[in-house]
Amino acid sequence: MTARAKRDETDSTEAMAASPAARRVQLFESLPGTPSRRFSSLLRALPYPAAVLRQVADAVEIIGTNEEFARFDEDLDGTLMPLDRRPSRHFNWRERAGAMFESRRTSDRFEIEFQGRLGARVFSCSLTWVEGDDGQDDMLLLTATDRTSERKAESTLRKELLTDSLTSLPNRIGFVEEIEGLVETRKDTLGKTSYAIIGLDLIRFSRINESLGAMAGDELIITVARRVKSVLRAGDVLARIGGNEFAIFAHVGNGLSEVLQIAERVRKAFESPIRLSTYLINVEVALGCALASDEDEDVENLLRQAQAAVKRAKKSGTLEVYRAHVLREALKRFTVENRLREAIENGALNMVFQPLINLQTGAVKGFEALARWEEPILGTVPPSEFIPVAEESGLIVPLGRWAMCETAQTLADWDRRNRHPLPIMMNVNLSPVQMARDNVPRAVEEALRYAGIDGSRFTIELTESALIADPDKTRQLLGALQAMNVTVAMDDFGTGFSNLASLQSLPIDVLKIDRSFVTDMIGDEDKIALIRAIVSLAGALGMQTTAEGIEKREMADALAALGCHYGQGYFFARPLPPLEAYRYWLDRSEATMI
Ligand code: C2E
Ligand code: MG
Ligand code: MG
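Before going into details, it helps to say that this report is about the structure given with it. Just so it is clear, the model here is predicted, and its values are computed rather than measured.

Cut-off values and rules
Numbering of residues begins from 1 in every chain and follows the order in which that chain's sequence is written. By the order in which they are written, chains take letters starting at A while ligands take numbers starting at 1. With the structure being a predicted model, the display of local features is reserved for residues of pLDDT at least 70 and the display and counting of side-chain atom pairs for 80 or more, all residues being used for whole-chain, interface and lining totals. With hydrogens and water stripped out, all remaining heavy atoms of the structure feed into the side-chain values. In DSSP terms, a helix is any run of H or I states spanning at least four residues, a strand is any run of E spanning at least two, and both are numbered starting from the N terminus. Only protein chains enter the area calculation, which uses a 1.4 Å probe; residues under 20% of their type maximum are buried, those over 50% are exposed, and those in between are partly exposed. We call two residues contacting when some pair of their heavy atoms lies within 4.5 Å. Per-residue accessibility takes into account occlusion by the displayed protein chains alone, with areas from the Shrake-Rupley method and a 1.4 Å probe. For Na, K and Ca the donor cutoff is 3.2 Å, while for all other metals N, O and S atoms must lie within 2.8 Å; water is not among the atoms, so some sites may look incomplete. Without a salt bridge and with relative accessible area above 30%, a residue can belong to a patch; like charges are then joined within 9 Å and nonpolar side chains (Val, Leu, Ile, Met, Phe, Trp, Tyr) within 5 Å. Throughout this description, the term salt bridge denotes a Lys or Arg side-chain nitrogen within 4 Å of a carboxyl oxygen of Asp or Glu. Throughout, near means a residue has at least one heavy atom within 4 Å of the molecule or strand. Polar contacts, as counted here, are pairs of nitrogen or oxygen atoms within 3.5 Å of one another; within protein the pair requires one atom able to donate a hydrogen and one able to accept it, and residues that are adjacent in sequence qualify only if both atoms are side-chain atoms. Strand pairing is assigned whenever DSSP detects at least two bridges linking the two strands. Of all possible arcs, the one meant is that of the directions from the helix axis to the C-beta atoms. Whenever a helix is involved, its axis is fitted only over the stretch in contact; in every case the axis is a line through C-alpha atoms, and angles between N-to-C directions fall within 0 to 180 degrees. Under this scheme an angle from 65 to 115 degrees is roughly perpendicular, one under 35 degrees roughly parallel, and one over 145 degrees roughly antiparallel; angles in between are oblique. Each helix crossing is assigned a hand: it is left-handed if the near helix lies turned anticlockwise from the far helix by less than a right angle, otherwise right-handed if that turn is clockwise. Put simply, two rings from Phe, Tyr or Trp (the six-membered ring, in Trp's case) pair if the centres are within 6.5 Å, and we call them stacked under 30 degrees between planes, edge-to-face over 60, tilted for the rest. Working rule: Lys NZ or Arg CZ, within 6 Å of ring centre, within 35 degrees of ring normal, means a charge sits over the ring.

This part is about the overall build of the protein. Within the protein one finds 23 helices and 21 strands. With 594 residues in all, the protein has 46% of them scored as buried. In the protein, of all internal contacts separated by at least 6 residues, the share reaching a separation of at least 24 is 62%. Accessible surface, the protein: about 30,700 Å² in total, of which carbon and sulfur atoms supply 51%.

We now examine the coordination of the magnesium ion (ligand 3). The protein atoms donating to the magnesium ion (ligand 3) are Asp491 (OD), Asp492 (OD) and Glu548 (OE), with metal-donor distances spanning 1.9 to 2.3 Å. Taken as a pair, the magnesium ion (ligand 3) and the magnesium ion (ligand 2) lie 3.9 Å from each other and share Asp491 as a ligand. Here Asp491 is found in strand β18 (residues 487-493), whereas its partner Glu548 is found in the loop between β20 (544-547) and α22 (553-561), with 57 residues between them in sequence. The class for Asp491 is buried, based on a relative accessible area of 7%. Exposure remark for Glu548: the relative accessible area of 9% places this residue in the buried category.

On the surface, a nonpolar cluster with roughly 220 Å² of combined accessible area is contributed by Leu256, Leu260 and Leu291. Turning to its location among the elements, Leu291 is positioned in strand β11 (residues 285-292). The class of Leu291 is partly exposed, set by a relative accessible area of 31%.

Here we take up the coordination of the magnesium ion (ligand 2). Ligation of the magnesium ion (ligand 2) by protein atoms is provided by Glu368 (OE), Asn429 (OD1), Glu461 (OE) and Asp491 (OD), these donors lying 2.0 to 2.2 Å from the ion. Each donor residue of the magnesium ion (ligand 2) belongs to the same chain, and together they define the spacing E-x60-N-x31-E-x29-D.

Here we take up the site of ligand 1. Close to ligand 1 lie 22 residues, the nearest being Glu368, Asn429, Asp491, Glu551 and Tyr570. Residue Asn429 places a side-chain N or O atom 2.9 Å away from an oxygen atom belonging to ligand 1. Here ligand 1, which alone exposes 790 Å², has 83% of that area covered by the protein. Counting only elements with at least two residues in the shell around ligand 1, the list comes to β13 (349-358), β14 (364-375), α13 (383-393) and β18. A total of 4 residues in the shell around ligand 1 trace back to one element, the largest contributor, which is β14.

It is worth spelling out the sheet that holds strand β6 (residues 195-202) at this point. Read from one edge to the other, the open sheet built from 5 strands follows the order β7-β8-β6-β11-β12, with strand pairing classed as mixed. Each having just a single partner strand, β7 (237-240) and β12 (320-321) make up the two edges of the open sheet. Taken together, the 7 bridges between β6 and strand β8 (residues 245-251) define a ladder with antiparallel strand orientation. Across the sheet, residue Ala196 finds its bridge partner in β8, namely Ala250.

Okay, α13 next. Where α13 is concerned, the buried positions are Phe386, Val389 and Ala390. Viewed end-on, α13 has its buried residues packed into an arc of 100°, placing them on one side of the element. Looking at α13, the residues exposed on the side facing more than 90 degrees away from the buried face are Ser384 and Glu392. Gly394 sits one or two residues past α13 and shows a positive phi near 85°.

Time to look at the sheet that holds strand β3 (residues 107-116). Pairing in this open sheet of 5 strands is antiparallel, and the strands run β2-β1-β5-β4-β3 from one edge to the other. Each of the sheet's edge strands pairs with one partner strand only, and the pair in question is β2 (59-65) and β3. The sheet shows a mean angle of 30° between the axes of neighbouring strands, direction not considered. Pairing geometry for β3 and strand β4 (residues 119-130), over 10 bridges, is antiparallel. Across the sheet, Gln115 pairs through a bridge with Ala120, a residue of β4.

This paragraph deals with the packing of helix α14 (residues 396-418) against helix α16 (residues 440-451). Look at α14 against α16: their axes get within 8 Å of each other, and the N-to-C directions meet at 30°. The pairing of α14 with α16 is recorded here as roughly parallel in orientation. Where α14 crosses over α16, the two elements pack in a sense that is right-handed. Packed against α14, whose contacting residues are Arg401, Met404, Cys405, Ala408, Gln409 and Ala412, the element α16 presents Val440, Ala443, Val444, Glu446, Ala447, Tyr450 and Ala451 at the interface.

Here the focus is the pairing of β2. Of all 7 residues in β2, 7 are buried, a share of seventy percent or more. Note: strand β1 (residues 50-56) against β2, 6 bridges, orientation antiparallel. Looking at β2, one finds that Leu53 is bridged to Ile62. Between β1 and the antiparallel strand that follows it, β2, lie 2 residues; Ala57 among them carries a positive phi value of about 50°.

In this section: the packing of aromatic side chains. In this description, a pair of aromatic rings is defined by centroid distance and the angle of the planes. All told, the structure shown has 13 aromatic pairs when counted by the stated rule. Ring centres of Phe367 and Trp414 lie 5.2 Å apart, and the angle between their planes is 70°; this geometry places the pair in the edge-to-face category. Of this pair, Phe367 sits in strand β14 while Trp414 sits in helix α14; the two residues are 47 residues apart in sequence, bridging distant segments of the chain. Comparing Phe367 with Trp414, the two get one shared label, buried. Aromatic rings pair up to connect Phe69, Phe72, Trp93, Phe114 and Phe123 into one cluster. Lying across the ring of Tyr566, Lys365 places its NZ or CZ 4.3 Å from the centre. Sitting above the plane of the Tyr570 ring, Arg574 keeps its charged end 3.8 Å from the centroid.

Looking now at the pairing of β6. Within β6, 8 of the 8 residues are buried, which leaves the element mostly enclosed by the surrounding structure. By the alternation rule, side chains of β6 split into Tyr195, Ile197, Gly199 and Asp201 and Ala196, Ile198, Leu200 and Leu202, which are all buried.

In this section: the environment of Gly379. Mapped onto the secondary structure, Gly379 falls in strand β15 (residues 379-381). Once residues lying within four places of it in the same chain are set aside, the contact partners of Gly379 are Trp373 and Glu374.

Once that is clear, we can look at the side chain of Asn244. Tracing the backbone through its elements, the reader meets Asn244 in the loop between β7 and β8. Among the polar contacts made by the side chain of Asn244, one reaches the main-chain carbonyl oxygen of Leu202 at a distance of 3.0 Å. Setting aside chain neighbours within four positions, we find Asn244 in contact with Leu200, Asp201, Leu202, Phe205 and Ile221.

Moving on: the environment of Asp492. One can find Asp492 in strand β18. Classification of Asp492 as partly exposed rests on a relative accessible area of 26%. Asp492 sits 24 residues away from Ser516 along the chain, and the two C-alpha atoms are 8.7 Å apart. Those residues in contact with Asp492 that lie beyond four places of it in its chain are Thr463, Glu464, Lys512, Asp514 and Glu548.

Quick look at the structure:
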């Protein structure tokens, strides 16, 4: 039987009519083995709730209480749970007393926070040993001091410290604290959270403040806060984190696209001007955001990142997103660059060859040579990653020279295997950076000479950007290549900005229609019209056309019908290692001969 049940049982009927407090005191005095009057007068003398406890079997038994304690315990009794469910706050004094009887520690202090009948209550409790009648330290004195009003004052003060008095929104500290709490609870329930902080600055706020006065400035801030708040969702949090700076916290399941939606709504909120007395003020805002998806993302840090993005947005005029990956990418590039340098030095790169097919006859016209890099640690690094690194670091010059030599050597090797020169051409890509930095005609000439290959079997693929950078140099280079009988193709045609005049005046032989026109061309009249236009333009300029990215037979057929000369793509073959490419040519030439 618990102590409380026992106590209730002993509750005499004569006391039933009395108040609960009075009942307890009477109960104390009527208990068998009551302590001396010393205790009861001590308890009565104490101005705050106090009780003397002892342990009977495993239960904690009340020996005596004062009236204040009776009221306190009565109030506590009606509580179902502690106020904030924080497990660290024990609201069960019996448990604490029981533990102290067990451990025999000298004293214990703890706080009880609960929802009493009159609202939230906070009591600071202490347990100390008191000497029993027989001189044994076997009883505990429990006292509870009411700290409710102090805590209330503290929390009001705290609220003030965390709130912006003008808008009643959280201020910077309040915002960070609230978000930390929100992230923590979300993490508990979902395991992972994904959220964003959107920073918002009013542009030219100080000018309004100066010309209209601080009162008008305050009014403007209040209106801005109201407008922003009105377009936010229920769970979003708005804060004023500085004079003219606001921040929005938003849970974003769909990452950036959701942020863009919020930003758009906020921007729309300022489409109409704000009226301040007789003035109509057009408010412009700069928006910047930082996205977090890591559980351990620091809120302060994220807020700083959002502010950095806002700073950029002030210049760009659009929503800016803080890219946390910038540094990581820079580091990765650094590693890639170092490893690429080693790979070039050690001859660890490979060339693969993708067939170029005559769309009218099906014969192999040649192959495009494409660089490949298998890195032991980084794995397969695609050209779209390592070519830009090579271009930025200048490594493209040795890489490009190596690619030309390797391609010419491969063709010479195939010729030897075939005991006859193959009737095909090799296409090599030339970066505009190499064009600017290297003596390209010399590099091509050396590659051809060492391999014993004629210039007429080589095609150099240029990009449109190469034509724009230095037209005179380009003209010289193309002239020199033409003199060596080297064919020139314009790669990825249609994606750049080459003008018709330069196309016409330069010795370009082939236009390679960019993959973006070919992908999804089937059923897309606009794309087909564009391809038709490029083919007829090429015809008018005396050039041939090659279509890139042919992945399906229908595409090859449609392109052939449009008059496109050559085609390249996964439908025919993926880029192949040298010997496989050679075999592909063998098989295909036998097949087309039949
Ligand atoms: P590019 O010169 O336009 O090469 C064609 C790219 O399209 C190749 O990508 C090829 O694998 C890919 N491709 C071919 N057919 C299809 C298809 O049917 N579907 C799809 N989805 N893709 C197809 P890759 O090998 O990844 O090369 C990418 C780019 O990197 C090349 O574009 C070229 O600009 C550059 N690159 C590659 N090797 C070299 C090189 O040795 N030197 C230089 N300067 N650039 C190179
Ligand atoms: Mg190419
Ligand atoms: Mg291309």
